[in-house]
Amino acid sequence: MRKPVLSLHDLKVEFGTRQGVVKAVDGVSLDVHAGEVVGLVGESGSGKSVTGLAILGLIDPPGRIASGSINLDGQELIGLPDSELRRLRGPSMAMIFQDPMTTLNPVLRIDTQMIETIRAHENVSEKAARDRAEAALRRVGIPSPAERLLTYPHQLSGGMRQRVAIAIALLMNPKVLIADEPTTALDVTIQSQILAEVQQLCAEMGTSLIWITHDLAVVAGLADRIAVMYAGRVVEEGDVDPVLDDPRHPYTYGLLGSAPSRNRRGEKLAQIPGMTPSLANLPKGCAFAPRCVFAADDCKVASPGLTRDHTRTWRCFHPVHAREAAQ
Amino acid sequence: MLAYLIRRIGQALLVIAAMATIVFLSIYAVGNPVDILANPNADAKEMAEISARLGLDKPLWEQFGLFVWNALHGDLGRSFVFNEPALKLIIQRMPATLELAFVALIMSIVIGIPLGVWSGLKPDAWSSRAIMSGSILGFSLPNFWIGLMLILLFAVQLKWLPSGGRGPTTDVFGIPVSFLTWEGLRYLLLPAFTLALYKAALVVRLSRSGTREAVLQDYVRFARAKGLSPTRIVLVHVLKNIMIPVVTILGLELGSMIAFAVVTETVFAYPGMGKLLIDSIGRLDRPVIVAYLMMVVVIFVVINLIVDLLYAALDPRVRLQEAE
Ligand SMILES: Nc1ncnc2c1ncn2[C@@H]1O[C@H](COP(=O)(O)OP(=O)(O)OP(=O)(O)O)[C@@H](O)[C@H]1O
Ligand SMILES: [Mg+2]
């Protein structure tokens, strides 16, 4: 089997808050192979962004990486000093964020923000860096890139700004790009354009992509594999078709809107009854049990371990099976 | 841009005209200068003569009309005491005050921004707490008291710096300045520091809150995700954003620094406009008082305009929208 480019093992990230220690990421393991697209889905607060930030080493106090391993291309990232991590941010791993209105510095021109990225990593002339910046803008589909370089972020539309952010993230040909809901804040038509562009660029460059989203339809069309997070854990993970066509975990099942009580048309992300639990005082046993239609007594006692078949893994004592659900 | 400038200048002229009226009328209301100027045992006839010579015997509206007419011709009257044009007296003293204010301004920036940014980056460190407590002192201790303490310490006790006055000056484009020689600078240090302290405290506060806000912004996170060094993030990404409020507020404060140099100049016997004002008030030298106040108004107005232009230059999102 191929060796993964990025491998998370039992990653735990905690935040010290007034309500106690919040385990925002609680034992996440995930492998990402070269050129692969992994969709990371889950409700708000399930720990998707924190997972992404932890990979880049951008968890700030009161948060900290409590334990686990993040292995990027054979190198362990946890415990690396910030100066070492900094050298990897850009050339090895990059991240783009949800709101294109705020990710670019409002008082610096686009060229400044692009050229500084290149020159932070390579000793190249201003001119050479500018040429590369211009080429990068062209690649993400920005018309007249030389002129755009001279503008300030506020002079560009949201879609254009997100394209600039993508161009910046891809400037150094990273091995892994983490896209944290980069299209949520945009118009639907622009969403799909940008989605297609990022997918294509990553495929061309051989960059692995972790696409964080709420939107299962996006993942279905984009990802090779999918990881479903709930309350800081990956509850189901595997090849995208089997997971979405025939989910094992009741949470995935619920997300798909295929629970018996739901209508199947329309919404992509069905509402699951109940609320996401507060991470500061999770119930004993399976964190999803209080909202789960399949929950039994054993779910409230112990946390389910990992079960696997040949295409995926899941954490559930009473997994859904297509045959049962059809009844 | 041009339309904006013309409009702003129009507004400025209006403000100046309104201030001229208020200043003239309110000065007219305080005391009769003749009582002070005349020899204590002068009789009524002599008093009337002085009054006539200074034009104080005319009715108020006529005096005001004359004042406006002359002011439009660049003449703000002659000092009763020195018998010289009041404007000339002010302008002679102005370089000293401007120099004091600018040196104080630079001091407040040089002291305030690093301390503020530091305490904004490390809000919980003991050093930051010390800086913040210090800035409260800077706000609350009275200016003249700080001046006196500095004199006691550095001039009287340690004898490092002179206790007052202005040092030797050199002419630059015909303007006498003292900051170019070490000897001249020594005279400036204490009064400028006294004047700077309050503003430095203000700059500390502004840059601290600006920094605390900026480091939480997505653009800082993105800058880190790009692999930039913390130095570049702070010195370029954060500083450029916090400079917008700092420059705006400090620019506006420069006017008040010039105006309120009065106290510092008095404590340090520093021969600037402020000292002249205090002396003139003591002698009810109306033309000088009026000329001083008019000068301060003009300085305020000009500074305001410059600050607005600077603000637009610093923040690309501001494009002097009023122009449209
Ligand atoms: N700075 C912080 N301080 C305290 N707790 C935090 C902090 N950042 C994140 N958390 C905790 O981590 C949990 C997971 O947050 P995260 O941002 O990863 O969620 P998410 O899955 O990305 O949600 P969304 O879809 O809303 O972006 C949150 O519920 C919150 O409790
Ligand atoms: Mg998120």
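Here, residues in each chain are numbered from 1, in the same order as that chain's written sequence. All chains are assigned letters beginning with A, and all ligands numbers beginning with 1, in the order in which they are written. The predicted origin of the model limits local features to residues at a pLDDT of at least 70 and limits the giving and counting of side-chain atom pairs to 80 or more, whereas totals for whole chains, interfaces and linings rest on all residues. The basis for the side-chain values is all heavy atoms of the structure; hydrogens and waters are excluded.

Draft legend 1. Just helix 7 (residues 158-170) of chain A, in detail. Secondary structure elements are defined from DSSP: runs of H or I of at least 4 residues count as helices, runs of E of at least 2 residues count as strands, and each element is numbered from the N terminus. Here the expected span of a helix is defined as 1.5 Å times the quantity of residues minus one. The terminal C-alpha atoms of helix 7 of chain A lie 18 Å apart, and with 13 residues this matches the ideal 18 Å at 1.5 Å per residue to within 8%. Counting buried residues in helix 7 of chain A gives 13 out of 13 residues, a clear majority hidden from the surface. Partly exposed describes any residue whose relative accessible area lies between the buried limit of under 20% and the exposed limit of over 50%, with all areas from a 1.4 Å probe on protein chains only and scaled to the type maximum.

Draft legend 2. Looking closely at a negative patch on the surface. Residues and elements named next belong to chain A. Candidate patch residues must exceed 30% relative accessible area and have no salt bridge, after which like charges are joined if within 9 Å and Val, Leu, Ile, Met, Phe, Trp or Tyr side chains if within 5 Å. Per-residue accessibility takes into account occlusion by the displayed protein chains alone, with areas from the Shrake-Rupley method and a 1.4 Å probe. Throughout this description, the term salt bridge denotes a Lys or Arg side-chain nitrogen within 4 Å of a carboxyl oxygen of Asp or Glu. Charge counting treats Lys and Arg as positive and Asp and Glu as negative, with His and both chain ends excluded. Charge positions are represented by NZ for Lys, CZ for Arg, CG for Asp and CD for Glu. A cluster of acidic residues, Asp 224, Asp 239, Asp 241 and Asp 245, forms a negative patch at the surface. Inspection of the secondary structure assignment puts Asp 239 in strand 10 (residues 233-239). Taking the relative accessible area as the measure of exposure, Asp 239 reaches 32% and is therefore partly exposed.

Draft legend 3. Spatial organisation of the confidence of the model for chain A. What pLDDT reports is the predictor's confidence in each residue, on a scale of 0 through 100. Residues of chain A with pLDDT of at least 70 account for 94%, and the chain-wide mean is 86. In this model, residues 258-269 of chain A is a region of pLDDT below 50 whose contacts with residues beyond four sequence positions or in other chains number 15 contacts. For this analysis, residues touch if any pair of their heavy atoms sits within 4.5 Å.

Draft legend 4. Local environment of the packing of aromatic side chains. Paired rings are identified among Phe, Tyr and Trp, the last through its six-membered ring, by centres lying within 6.5 Å, and are further divided according to the angle between planes into stacked (under 30 degrees), edge-to-face (over 60) and tilted (the rest). Counted according to the given criterion, the structure contains nine aromatic pairs over all chains. With 6.2 Å between their ring centres and 80° between their planes, Phe97(A) and Phe222(B) make a pair best called edge-to-face. Taken together, the residues span two chains, with Phe97(A) in the loop between strand 6 (93-96) and helix 3 (100-103) and Phe222(B) in helix 9 (residues 218-225). The class for Phe97(A) is buried, based on a relative accessible area of 4%.

Draft legend 5. Seen up close, the site of ligand 1. Residues and elements named next belong to chain A. By convention in these notes, a residue is near a molecule or strand provided one of its non-hydrogen atoms lies within 4 Å of it. The full set close to ligand 1 counts 15 residues, and Ser 44, Gly 45, Lys 48, Ser 49 and Val 50 are the nearest of them. Any pair of N or O atoms that falls within 3.5 Å is considered a polar contact. Within protein, one atom must be able to donate a hydrogen and the other to accept it, and sequence-neighbouring residues count only if both atoms are side-chain atoms. Take Ser 46: an N or O atom from its main chain is 3.2 Å from an oxygen atom of ligand 1. Contact with the protein chains removes 66% of the 640 Å² of surface that ligand 1 exposes when unbound. Sorting the residues of the shell around ligand 1 by element identifies strand 1 (6-17), strand 2 (20-32) and helix 1 (48-56) as the ones contributing at least two each. No other element matches helix 1, which puts three residues into the shell around ligand 1. For this classification, Asp, Glu, Lys and Arg are treated as charged, while Ala, Val, Leu, Ile, Met, Phe, Trp, Tyr, Cys and Pro are nonpolar and the rest, including Gly, are polar. A breakdown of the residues in the shell around ligand 1 according to their chemical character gives five nonpolar, seven polar and three charged.

Draft legend 6. Summary view of a nonpolar patch on the surface. All names here are of chain B. Judged by side-chain polarity, Leu 137, Leu 141, Phe 144, Trp 145, Leu 148, Met 149, Leu 152, Val 156 and Val 263 come together as a nonpolar surface patch covering roughly 750 Å² of accessible area. In terms of residue count, the dominant contributor to the nonpolar patch is helix 7 (residues 143-157) (six residues). With respect to the helices, strands and loops of the structure, Phe 144 is situated in helix 7. Judged by relative accessible area, which is 43%, Phe 144 ranks as partly exposed.

Draft legend 7. Highlighting the sheet that holds strand 5 (residues 75-76) of chain A. Residue and element names in this part refer to chain A. Within the open sheet, the four strands sit side by side as 2-1-4-5. Their pairing is antiparallel. Looking along the sheet, the strands with just one partner apiece sit at the ends: strand 2 and strand 5. The sheet contact formed by strand 4 (residues 63-72) and strand 5 spans two bridges and is antiparallel. Following the sheet pairing, Asn 71 is matched in strand 5 by Glu 76. Only the stretch in contact is used when fitting a helix axis, every axis being a line fitted to C-alpha atoms; angles between N-to-C directions are given from 0 to 180 degrees. Sheet strands in contact with helix 1 are strand 1, strand 2 and strand 4, and its direction is about 110° off that of strand 1. Pairing between two strands requires that DSSP report at least two bridges joining them.

Draft legend 8. Spatial organisation of the environment of Leu76(B). Residue and element names in this part refer to chain B. Within the secondary structure, Leu 76 sits in the loop between helix 4 (60-72) and helix 5 (86-121). Through-space distance from the C-alpha of Leu 76 to that of Leu 66 is 10.0 Å; in sequence the pair is 10 residues apart. Those residues in contact with Leu 76 that sit more than four places away from it in its chain are Phe 67, Ala 71, Ala 86, Leu 87, Pro 287, Ala 291 and Met 294.

Draft legend 9. Main features of the nonpolar core. Leu6(A), Met114(A), Ile210(A) and Ile226(A) are the most contacted members of the largest nonpolar core, which totals 97 residues. Residue contributions to this core peak at eight residues, all from helix 7 of chain A. Discounting residues that sit within four places of it in the chain, Ile210(A) has contacts with Leu6(A), Val32(A), Val38(A), Leu40(A), Ile55(A), Val176(A), Leu177(A), Ile178(A) and Ala179(A). Ranked by size, the runner-up nonpolar core spans 63 residues in total, among them Tyr219(B), Ile258(B), Met295(B) and Val296(B). We call a set of buried Ala, Val, Leu, Ile, Met, Phe, Trp, Tyr and Cys residues a nonpolar core when their side-chain atoms join them within 4.5 Å.

Draft legend 10. Spatial organisation of the interface of chain B and chain A. Across the contact, 21 residues belong to chain B and 29 residues belong to chain A. Overall, the association of chain B and chain A removes approximately 2300 Å² of surface from exposure, summing both partners, and the carbon and sulfur fraction of that is 61%. Of all residues in chain B, the largest losses of buried area upon contact with chain A belong to Phe222(B), Arg224(B) and Lys226(B), amounting jointly to 30% of the total for that side. Summed over the shared surface of chain B and chain A, the number is three salt bridges. For Arg232(B), the salt bridge is made with Glu116(A), and the minimal N-O distance between the two is 2.6 Å. Inspection of the region where chain B meets chain A yields 11 residue pairs in polar contact (both at pLDDT 80 or more). Sorting the residues of the side of chain B that touches chain A by element identifies helix 9 and helix 10 (230-267) of chain B as the ones contributing at least two each. Take the side of chain B that touches chain A: its biggest share by element is seven residues, from helix 10 of chain B. Of the residues contributing to the side of chain B that touches chain A, the split by class is nine nonpolar, four polar and eight charged. Summed over both partners, the accessible surface that disappears when two parts come together, traced with a 1.4 Å probe, is what is meant by buried area.

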